[in-house]
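# A closer look at the structure
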Amino acid sequence: MNTPPEENKILKLAYKLNCPPVIANLLLQRDIDTAEKAQAFFYPSLNMLHDPFLMKDMDKAVDRLDKAIAQEEKILIYGDYDVDGTTAVALLYKYLKNKCNATNLEYYIPDRYTEGYGVSIKGIDYAAENDFSLILVTDCGVKAVEKVRYAKEKGVDIIICDHHTPGDSLPEAVAVLDPQRQDCDYPYKWLSGCGVSFKLVQAHSMKHNLPMSELYKLLDLLCVSIASDIVPITGENRILAYYGLQQLNEKPSLGLKTIIEVSGIDKEITINDIVFRIGPRINAAGRVESGNRAVDLLVADEKFSANDIASDINIFNDRRKKLDHDITEEAIAHITHSEIEPSRKTTVLFNPKWHKGVIGIVASRLTESFYRPTIVLTESNGMATGSARSVEGFDLYYAISQCSELLENYGGHKYAAGLTLKIENIEPFRKKFEQIVQETINEEMLTPQINIDAKIKLSDITPELYNMLQKFAPFGPNNTIPVFMTENVTNFIGTRRVGRNNEHLKLVVVDDTRICSDRSGIGFGMGHLYDEVNSGKYFSICYSLQENEFMGKIDIQMMLKDIKFNKPEKTEES
């Protein structure tokens, strides 16, 4: 359970805000300890966005961009093939084309299989051979020291918009925009790659007194990037996501509107919808075919063309899902039947036949199943290349960096990374990585945790509480949906199994206050607990809250995450 703030601080803030203590508790856990901060949190404003010129090199980037536009230079927008990269490319392209009337404009997404992650020699050669004098690199590039030097030799300037952890030295680009730079004093460090690109166009708009209302029409793209790249939804990201969701729900761009339609979303879009339905479709293009198709859709301005591309992307997504399922099943079987794997604190798997486009998803699935730092590798261009995922609290990037002598390339952040190494180095890397993780991880990190925000009674669950909780949205990393615990509840009338195979548990409980006797909840995958719940035992539940509409009646339902039965009290005989 999260460490609760001091009781007197909770009561003091609750009094100031005239709100229930549980709301004050949740605010304090988010470092919101004054009425002014609460006002800013509950009512985010675009006026609260930071000055983009606080970012190191921003003035250089804007000046070079101005020169390129004024002299009608050819500009190439280069971005990674994932959602963050493709949305960033689309955002820059739409801004420069529609708001700045840039004419000599093109975008380039590297091929995942022939070029790999980041700035590629092929991409630079393409720019030089086609007379592009400026490349805007987004969502990658901060570690591309040699590639930027190569571009310079070819007479091509580069502006980098990245958000990943830099290496020991920075590329000698015209400008390196990255809030993770140690010498960058930008107040918010956790922007997505698309977010850094947005700050560039925000700075350009400010310099030229362009209407911000036009710029903000691009926030639907930025919101998709924030949600899909799993960056913290705090501070500036939360403001951008809040207004991006509004744009996405009220007037999305044609490309995103088409994706929403093929995704079958017919309700108000949330961050979860982006993560599980919109983002995977955009990603599927780069995973199965080419990320260029995703950008084609995101910048489309004709309905027929958008529908045609979206149809292709839906097919790519179906292929991606099958590949994901088949490889995950194979990987789980390997770990389960291995004599060595179950005893490890890490998973490092290599199979040259696995599809490079889905190994990141597979790494995520294996992390969920075995709950330990996981790396999945396949063969590409004679090298082993892969994706890594971590568990809560463990710095995966640090562990990989400690094996750098065995790697050709790596990059990422605390919870996700990519890496490339020689095939003959896989086994030495596996041993070294296991050793580093064993030395730095603790057993608590290797055990899935449910973070409980507050203990409450069932009688605390009211429409007023629920409505105030909705003001904490949009929810995401570092601002998750609040999870509550209620102790000493017992079964009331109405508990039953539901679902095709009775795998879910629908229950009605009362707690020991007996004030509320009609609080319902559902536990997915908890049908096996039916007999024990019905036995009359007392138990504790943890859950989030969600509105449920049934036959025209709206009720606040508990979405159960876990049930723990009270231990029987010891008797003298025992």
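Worth saying up front: this structure is predicted, and the values here are computed from it rather than measured.

Rules used in this analysis
- Residues numbered from 1 in each chain as written.
- Predicted model: local features only at pLDDT ≥ 70, side-chain atom pairs only at ≥ 80, totals over all residues.
- Heavy atoms only, no water.
- Salt bridge = Lys/Arg side-chain N within 4 Å of Asp/Glu carboxyl O.
- Helix = DSSP H or I, 4+ residues; strand = E, 2+ residues; numbered from the N terminus.
- Buried < 20%, exposed > 50% of the residue type's maximum accessible area, 1.4 Å probe, protein only.
- Pairing = 2+ DSSP bridges.
- Phe/Tyr/Trp six-rings, centres within 6.5 Å; stacked < 30°, edge-to-face > 60°.
- Contact = heavy atoms within 4.5 Å.

A word on the pattern of salt bridges. Inspection of the entire model under this criterion finds 29 salt bridges. Two residues, Glu-236 and Lys-199, come together in a salt bridge whose shortest N-O distance is 2.8 Å. With Glu-236 in helix H11 (residues 235-250) and Lys-199 in helix H8 (residues 193-207), the pair connects residues that are 37 residues apart, well separated along the chain. The class of Glu-236 is buried, set by a relative accessible area of 2%. One salt bridge in this structure joins Asp-531 and Arg-497, with 3.9 Å as the shortest N-O distance.

Side chains on a regular strand alternate between the two faces of the sheet. Within strand S15 (residues 519-523), five of the five residues are buried, which leaves it mostly tucked inside the rest of the structure. Pairing between strand S14 (residues 504-511) and S15: five bridges, direction antiparallel. In the strand pairing of S15, Leu-505 is matched with Gly-523. Judged from the two bridges that link them, S15 and strand S17 (residues 553-565) form a sheet pairing that is parallel. Pairing of Gly-521 across the sheet is with Met-558, part of S17.

A few words now on the packing of aromatic side chains. Scanning the model with the defined rule gives 12 aromatic pairs in all. Aromatic side chains Tyr-242 and Tyr-243 sit 5.0 Å apart centroid to centroid with 70 degrees between the ring planes, which places their arrangement in the edge-to-face category. By relative accessible area, Tyr-242 is classed as partly exposed at 28%. Taking the centre distance of 5.7 Å and the plane angle of 50 degrees together, the rings of Tyr-397 and Tyr-410 count as tilted. Here Tyr-410 lies in strand S9 (residues 409-412) and Tyr-397 lies in helix H17 (residues 396-401), a separation of 13 residues in the sequence.

When we look at burial in helix H12 (residues 254-263), the residues that qualify are Gly-255, Leu-256, Thr-258, Ile-259, Ile-260 and Ser-263. Check the buried side of H12 and you find it contacts helix H10 (219-228), H11, helix H13 (271-288), helix H14 (291-298) and helix H15 (303-337). Where H12 terminates, the next one or two residues include Gly-264, which has phi positive at roughly 75 degrees.

Right, let's talk about unusual backbone geometry for a bit. That bond from Ala-473 to Pro-474 is cis: its omega, 5 degrees, falls within 30 degrees of zero. Structurally, Pro-474 is set in the loop between helix H19 (463-470) and strand S12 (484-491). One non-glycine residue, Asn-478, lies in the positive phi region at around 70 degrees. Along the polypeptide, Asn-478 turns up in the loop between H19 and S12. Of note, Asn-488 is a non-glycine position whose phi angle comes to about 55 degrees, a positive value. With respect to the element layout, Asn-488 can be found in strand S12.

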